[in-house]
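Summary of the model geometry
Each chain, written out:
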Amino acid sequence: MELISKTKCFGGSIEVYSHRSTSCNAPMKFSIYLPPQASDRSLPVLYFLAGLTCTEENFMVKAGAQQFAAKHGLILVAPDTSPRNTGIPGENDDWDFGTGAGFYVDATQEPWSKHYRMYSYIVDELPSLIAENFPVNGRQSIFGHSMGGHGALICALKNKERYRSVSAFAPICAPMQCAWGEKAFSNYLGQDRSSWRSYDATELVQEGQFPRSILIDQGTSDQFLADQLLPQVFQKACELVGQDLTLRFQEGYDHSYYFIASFIEDHIQFHAEALG
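These notes cover the structure that comes with them. (Residues numbered from 1 in each chain as written. Predicted model: local features only at pLDDT ≥ 70, side-chain atom pairs only at ≥ 80, totals over all residues. Heavy atoms only, no water.)

Examining the sheet that holds strand β3 (residues 26-34)
Sheet architecture is open: 9 strands sit in the order β1-β2-β3-β5-β4-β6-β7-β8-β9, paired in mixed fashion. Since the sheet does not close on itself, it has two edges, and those belong to β1 (2-9) and β9 (245-250), each with one partner. In this sheet, neighbouring strand axes are inclined to one another by 20° on average, regardless of whether the strands run parallel or antiparallel. Looking at chain direction, strand β6 (residues 136-145) and strand β7 (residues 166-169) are connected through 4 bridges and run parallel. Bridged to H145 within β7 is F169. Each of β4 (43-49), β6, β7 and β8 (214-219) touches helix α4 (residues 147-158); the most contacted strand, β6, lies at about 135° to it. (Pairing = 2+ DSSP bridges. Helix = DSSP H or I, 4+ residues; strand = E, 2+ residues; numbered from the N terminus. Axes fitted to C-alpha atoms, helices over the stretch in contact; angles between N-to-C directions. Contact = heavy atoms within 4.5 Å.)

Structural data, given as structure tokens:
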């Protein structure tokens, strides 16, 4: 790993690293917040997956999470949202596909399959890297925003034994039923829609429930609510199978980090309780 930057914050430090990813066959970056407690003991880790166009920086700069992570003694990790500058033709053409839009899937279609393997990176490679280099105690949880909310939900639903808790801000809840998801899945995974189901939270929850309650916050003034996010579709699927879900509609809030910052304390508290 190469240390890119280190900044003191709420008694701890925000550090940014670059490393060569074996999953993505490319350099990847992540940011990590180490609270002051990390100087003398191992701590739980909470992963945040960001949304379309974001990098490893957005969450650490805009969400205001560090003060609450310091309060509860949690390490925060925010990875980038895709590989970058891989040389794939057209990877920088669209804001909702390619660079900054890995969708947390393992691509099976060429040319994307060589580099765009964000699911394996998030679930396997990055936690191993964190465990080897930072004082973590083995307990971990995950949350995210928009595309990253989708990523958090599928990672938790597919790996119930690995994550103590999961939450999301304005997640893409049913990607098979929205334009963002259809564009990404058809290009990354191919035209066989049956293969998409393993990366769709609404489909996954019907195959097996998460053992703890899922927390989702959604702004009512979110411009993507009706056409792209579809939280009611996920809510209905949860009701059908008995999945415990707390879906909170926050009046007047949009899709921005102002919304995330307004409720980040609730989410940190939610995960802190699960992580002990």
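Observations regarding the pairing of β7
Both faces of β7 are covered, namely the face carrying V166 and A168 and the face carrying S167 and F169. Crossover handedness for the path β6 to α4 to β7: right-handed. In the sheet, β7 pairs with β8 via 3 bridges, with the strands oriented parallel. Note that in β8 the partner of A168 across the bridge is I216. (Buried < 20%, exposed > 50% of the residue type's maximum accessible area, 1.4 Å probe, protein only. Right-handed = clockwise from strand over helix to strand, strands pointing away.)

Some details on the nonpolar core
Counting residues in each nonpolar core, the largest one holds 96 residues, and the members touching the most others are F30, F59, F103, I142 and Y188. If we ignore the near neighbours within four places in the chain, the residues touching Y188 are F97, G98, A101, G102, F103, V105, A107, T108, Q109, W112 and Y116. (Core = buried A, V, L, I, M, F, W, Y, C linked by side-chain atoms within 4.5 Å.)

Points about the pairing of β3
Taking burial as the measure, the 9 residues of β3 include 7 buried ones, the bulk of the element. In textbook terms, the turn of a hairpin is the stretch between consecutive antiparallel strands, and for strand β2 (residues 12-21) and β3 this stretch comprises 4 residues, one of which, N25, has a positive phi near 50°.

Looking at the side chain of T81
Its location among the elements puts T81 in the loop between β5 (75-79) and α3 (118-133). According to the relative accessible area criterion, T81 is buried, its value standing at 0%. A distance of 3.4 Å separates the side chain of T81 from the backbone oxygen of G100, its partner in a polar contact. In this structure T81 touches A50, G51, C54, G100, A101, G102, Y104, M118 and M147, once residues within four positions along its chain are discounted. (Polar contact = N/O pair within 3.5 Å; in protein donor to acceptor, adjacent residues only side chain to side chain.)

A closer look at the pattern of salt bridges
Going through the model one piece at a time under the given rule, you end up with 12 salt bridges. A salt bridge links E203 to R197; the nearest nitrogen and oxygen atoms lie 3.5 Å apart. We classify R197 as partly exposed; its relative accessible area is 38%. The closest approach of N and O atoms between R248 and D266, which form a salt bridge, is 3.0 Å. Of this pair, R248 sits in strand β9 while D266 sits in helix α9 (residues 257-275), and the two are 18 residues apart along the sequence. What makes R248 partly exposed here is its relative accessible area of 26%. The exposure class assigned to D266 is partly exposed, which follows from its relative accessible area of 37%. Salt bridges sharing partners connect three or more residues here, namely D94, D96 and K183. (Salt bridge = Lys/Arg side-chain N within 4 Å of Asp/Glu carboxyl O.)

Structural notes on helix α8 (residues 231-241)
Restricting attention to buried positions, one finds in α8 the residues P231, F234, A237 and C238. Taken around the axis of α8, the buried residues stretch over an arc of 125°, which confines them to a single face. Set apart from the buried face of α8 by more than 90 degrees, the exposed residues are K236, E239 and L240. The inward-facing, buried residues of α8 contact α6 (201-207), β8, α7 (225-229) and β9. (Arc of directions from axis to C-beta.)

Comments concerning α4
Here α4 spans 17 Å end to end across 12 residues, near enough to the 16 Å set by a 1.5 Å rise per residue. Of the positions making up α4, those classed as buried are M147, G148, G149, H150, G151, A152, L153, I154, C155, A156 and L157. (Expected span 1.5 Å × (residues − 1).)

Some remarks on the environment of F259
Inspection of the secondary structure puts F259 in helix α9. Overall, F259 belongs to the buried group, its relative accessible area being 0%. Along the backbone, F259 and E161 are 98 residues apart, and their C-alpha atoms lie at a distance of 30 Å. Beyond its immediate chain neighbours, meaning those up to four positions away, F259 contacts F169, A170, D217, Q218, G219, Q250, Y253 and D254.

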